[in-house]
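Take a look at the letters that make up each chain.
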Amino acid sequence: MSITTVGIIGAGTMGNGIAQTCAVAGLHVVMVDISDAAVARGMGTIANSLERLLKKEKISAADRDAALARIHGSTNYDDLKAAQLVIEAATENHELKVKILKQVDALLAPEVIIASNTSSISITQLAAATSRPDRFIGMHFFNPVPMMALVEIIRGLQTSDATHEAVQAMALQLGKTPITVKNSPGFVVNRILVPMINEAFFVLAEGLATPEDIDAGMKLGCNHPIGPLALADMIGLDVCLAVMEVYLREFGDSKYRPCPLLKEMVAAGRLGRKTGRGVYSY
């Protein structure tokens, strides 16, 4: 299957990043969200990101203008009918994703591939909510999408070889490096990463070191580009907590117990950069 138009559900951080990446690669994009305001915010983020790339001389003014022209923002799901691939990039909530996927599945032609950008929810379960489980796959991008090379391609139990090959080829077309992963909670990267972040919160809660020293230790001792607590603030503490709760429920192993301090900070609304305060203040 030749993919020339990509539909994206969600104009938030991940959705607009995926939209920008697809448009820069020459694909036409339909980016859908629930309100005009949400779509406008997403389009504004893309425009600002492309402007920064222009100033850094990573792209030309013509490239910027062409990329923006390829993106159509909409609140109408019917506009997704033009796509050969639709990527769901909604909030990391199982019930919400299933609701969206059922709605989209009913609209799209049978041959259209649906992918989810989920970071932790079972691709097999999500695929079962559609009438095309063989044409359903996980396509997990990393934030910030335009900068991060990796895409995890997750095969559900029902995903066909043809679907996997088409999505893998599309990821390469985007200039990404795809890795193929079997369906399992958290897949590969987050299965390792988020428990490490959770452990950093336990270290912080026990008073073993300051946030700055914890982050400095991991940066200098393990050659990480950013410390786990600063990374948690970037990801969103609520997202980290939600992922740990998925692991605890799905694996039934106490090693995935969310740190009480992480839970308390989320309850307090200190979610990281997006709220202006998490472990650090912004």
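Residue positions are given per chain, counted from 1 along the sequence in the order it is written. Under the rules for a predicted model, residues below a pLDDT of 70 receive no local features and side-chain atom pairs below 80 are neither given nor counted, while totals for whole chains, interfaces and linings still include all residues. Think of the side-chain values as coming from all heavy atoms in the structure, minus any hydrogens and water.

The protein chain carries the name 3-hydroxybutyryl-CoA dehydrogenase in an unreviewed UniProt entry, which gives Tibeticola sediminis as its organism. UniProt positions are given in the numbering used here, feature names are shortened, and annotations may be inferred rather than shown by experiment. The Sequence similarities (unreviewed entry) comment attached to the protein chain in UniProt states, word for word, "Belongs to the 3-hydroxyacyl-CoA dehydrogenase family."

**Student:** Is there a simple way to think about the packing of helix α7 (residues 189-205) against helix α11 (residues 260-267) in this case?
**Tutor:** In a packed pair of helices, the relevant descriptors are the angle between the two axes and the axis-to-axis distance. For helices, the axis comes from a line fit to the C-alpha atoms of the stretch in contact; other axes are also lines fit to C-alpha atoms, and the angle between any two N-to-C directions lies between 0 and 180 degrees. Secondary structure elements follow DSSP: runs of H or I no shorter than four residues count as helices, runs of E no shorter than two count as strands, and numbering proceeds from the N terminus. Two numbers describe how α7 lies on α11: the axes approach to 8 Å, and their chain directions differ by 95 degrees. When the axis of α7 is compared with that of α11, the two are roughly perpendicular. Counted together, Asn198, Phe201, Phe202, Leu204 and Ala205 of α7 and Pro260, Leu261, Leu262 and Met265 of α11 form the full contact between these two elements. In this classification, the charged set is Asp, Glu, Lys and Arg, the nonpolar set is Ala, Val, Leu, Ile, Met, Phe, Trp, Tyr, Cys and Pro, and all remaining amino acids, among them Gly, are polar. Residue classes in the contact of α7 with α11 are distributed as 8 nonpolar, 1 polar and no charged. Should an angle fall under 35 degrees it is taken as roughly parallel, and over 145 as roughly antiparallel, whereas 65 to 115 is taken as roughly perpendicular and any remaining angle as oblique. Should any heavy atoms of two residues lie within 4.5 Å, those residues are considered in contact.

**Student:** I would appreciate a short explanation of the environment of Ala268 in the present structure.
**Tutor:** On the secondary structure map, Ala268 appears in the segment after α11. Among the residues examined, Ala268 registers a relative accessible area of 54% and is labelled exposed. For the pair Ala268 and Asn223, spaced 45 residues apart in sequence, the C-alpha to C-alpha distance is 32 Å. To sort residues, take the accessible area from a 1.4 Å probe on protein chains only and compare it with the maximum for the residue type: under 20% means buried, over 50% means exposed, and anything in between is partly exposed.

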